[in-house]
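# Structural overview for review
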Amino acid sequence: MTALGLNHDESVSQQITSYADNDVYRPQPAPYVVDNPYRRPLDRARLAGIDWQRPLTEDRFTSDDSLLANRLLMNIYESDSMFLPIDGLRGKERDFAAFYDPGSRVLADRIRPTAERFALGFLEESVQVNGHWDEAGTLSHLEATIHEATTADFPVQTAIEQAADPRRAAEMLMVQMALDGLTEATAMSQNLGGAFGPEQSELFKIFIDEFGYGVFDAKHSSLFTDLCRSVGMRTTPHHYWFFYLPSSIAVNNYFYRVTHDRTGFFRYIGAMALLEATFAPWFARLTTALRGVFGDAVDTRYCDEHAHIDQHHGRMAVHELLMPLARKHGPVATRGLIRGVEEIRLLSSLADADLLAQLAWTPTTRPARSAADLEQAPGAPEIRDLGPATAFETRVADADTSVDVSSGSVQLHFSGTGDPLTVAAGSGVTVPKGRLYGLAADADAVVVVSTR
């Protein structure tokens, strides 16, 4: 790289791997990022293997490439926001400087469009907004969509209650929620500037509610922190970095994308309005589920606040913000608003399916595959040496995958909390397609990874 970390002769793929060379994105052996909001490991080698000219399709939304690309995008977006360690910056000054390094941010601006097209470009094909959308049609469609969402079942909450380990399942949901919960309304803040009439003030009303009207303890992210702390979970941003599902990161990235691109403003309003108008019953049901799992010890004020305030936010977002924009700005606005509604509707559905599949998977050991079985595997088996210094990584299985331990003992991580599954020599685990997992070893071990 040249000065400012930028070489105009590099391909986009080379620029992406150069971006991943930043010290704060380097690998680490631990499965958690402890008390450091700047450390966000990116697997340079796997990033280098992505064909960035072949964007993800909807059926590859929960692939390993999706996980990698969305991690990359999250780092790009969040370097525009201020993060400071809760216990002070002393000892982390170099990481602070590296995360906000001007050269890294210039490089981020160059690779962001490619990464966005790769990770989220499928929405252009999967969501089609055809025909003429007038004010009445826009409101009718939105009201029908809200009714459908608020009267539907709540499969994630039900899955937690029926899980083999309900606590682990509830905490895995909270890991996914932490992506937004610990920085709530950050994307929204990017649309507060400028001048766009009374609707600007309506948006600001929602924003200041999210920030507790300037009272830190009432700020929604503070309430989420209290929720996590009440059940013994860590509250540093991205402590559970390795256990975010690709779909969860993508939903968060979507809001950054449509607020970063000013022409995405109407899409943002549509997506935001739908969520604000449908969150109240979802969070009320979550309170019930969490109390069933954790009892009276759990602090559910975060959920209770959303169950209350989002009834008002939904009304404000639809009738004081979205519809006035549609009325004032015509077809460009209405098509963008409807597109935002349908895009977040699709992303949320895909994310729910991804999480439900992860919650349903409880890995168990079995005898290791024989040499004859491995010879029949669709691809060449990969032999991995693991040890205490091996960089920890999680990945998504792109096909049904067999992890067999040849020597030593390996821990298979499959959720953000709880003990990993220990797999001893001579044993193996089958990882279903689409499931997130990571491998670690306290002493030297050898595993054979193959497709089924």
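These numbers come from a predicted model, not from an experiment. (Residues numbered from 1 in each chain as written. Predicted model: local features only at pLDDT ≥ 70, side-chain atom pairs only at ≥ 80, totals over all residues. Heavy atoms only, no water.)

## Here we look at the sheet that holds strand β8 (residues 436-440)
- Read across the sheet, 4 strands follow the order β3-β8-β5-β6 without closing on themselves; strand pairing throughout is antiparallel. At either margin of the open sheet sits one strand with a lone partner, and together these are β3 (394-396) and β6 (421-424). Taking each pair of neighbouring strands and ignoring which way they run, the sheet shows an average axis angle of 30°.
- In the sheet, strand β5 (residues 409-413) pairs with β6 via 4 bridges, with the strands oriented antiparallel. Residue pairing in the sheet places Gln411 in a bridge with Thr422 of β6.
- Contacts from helix α3 (residues 64-78) reach β3 and β8 within the one sheet, and its direction differs from that of β3 by about 130°. (Pairing = 2+ DSSP bridges. Helix = DSSP H or I, 4+ residues; strand = E, 2+ residues; numbered from the N terminus. Axes fitted to C-alpha atoms, helices over the stretch in contact; angles between N-to-C directions. Contact = heavy atoms within 4.5 Å.)

## What to know about the packing of α3 against helix α13 (residues 246-260)
- Interaxial distance between α3 and α13 falls to 9 Å at its minimum, and their mutual angle equals 40°. The handedness of the crossing between α3 and α13 comes out as left-handed. Across the interface between the two elements, Ser66, Leu67, Asn70, Arg71, Leu73, Met74, Tyr77 and Glu78 from α3 touch Pro246, Ile249, Ala250, Asn252, Asn253, Tyr256 and Arg257 from α13.
- Residue composition of the contact of α3 with α13, by class: 8 nonpolar, 4 polar and 3 charged. (Left-handed = near helix turned anticlockwise from the far one by under 90°. Nonpolar A, V, L, I, M, F, W, Y, C, P; charged D, E, K, R; others polar.)

## Quick notes on the domain arrangement of the chain
- Entries for the chain in the domain assignment read domain 1 (12-122), domain 2 (129-360) and domain 3 (365-451).
- For domain 1 versus domain 2, the separation of C-alpha centres amounts to 23 Å.
- Between domain 1 and domain 2, the residue contacts involve 33 residues of the former and 27 residues of the latter.
- Contact with domain 2 buries area across many residues of domain 1, yet Phe61, Met74 and Tyr77 alone supply 21% of it, more than any other trio. (Domains from an automatic or database assignment. Buried area = accessible area lost by both parts, 1.4 Å probe.)

## Description of helix α9 (residues 166-181)
- Compared with an ideal rise of 1.5 Å per residue, which puts 16 residues at 22 Å, α9 spans 21 Å between its outermost C-alpha atoms and is within 8% of the ideal.
- With respect to burial, α9 is a largely interior element, 13 of its 16 residues being buried. (Expected span 1.5 Å × (residues − 1). Buried < 20%, exposed > 50% of the residue type's maximum accessible area, 1.4 Å probe, protein only.)

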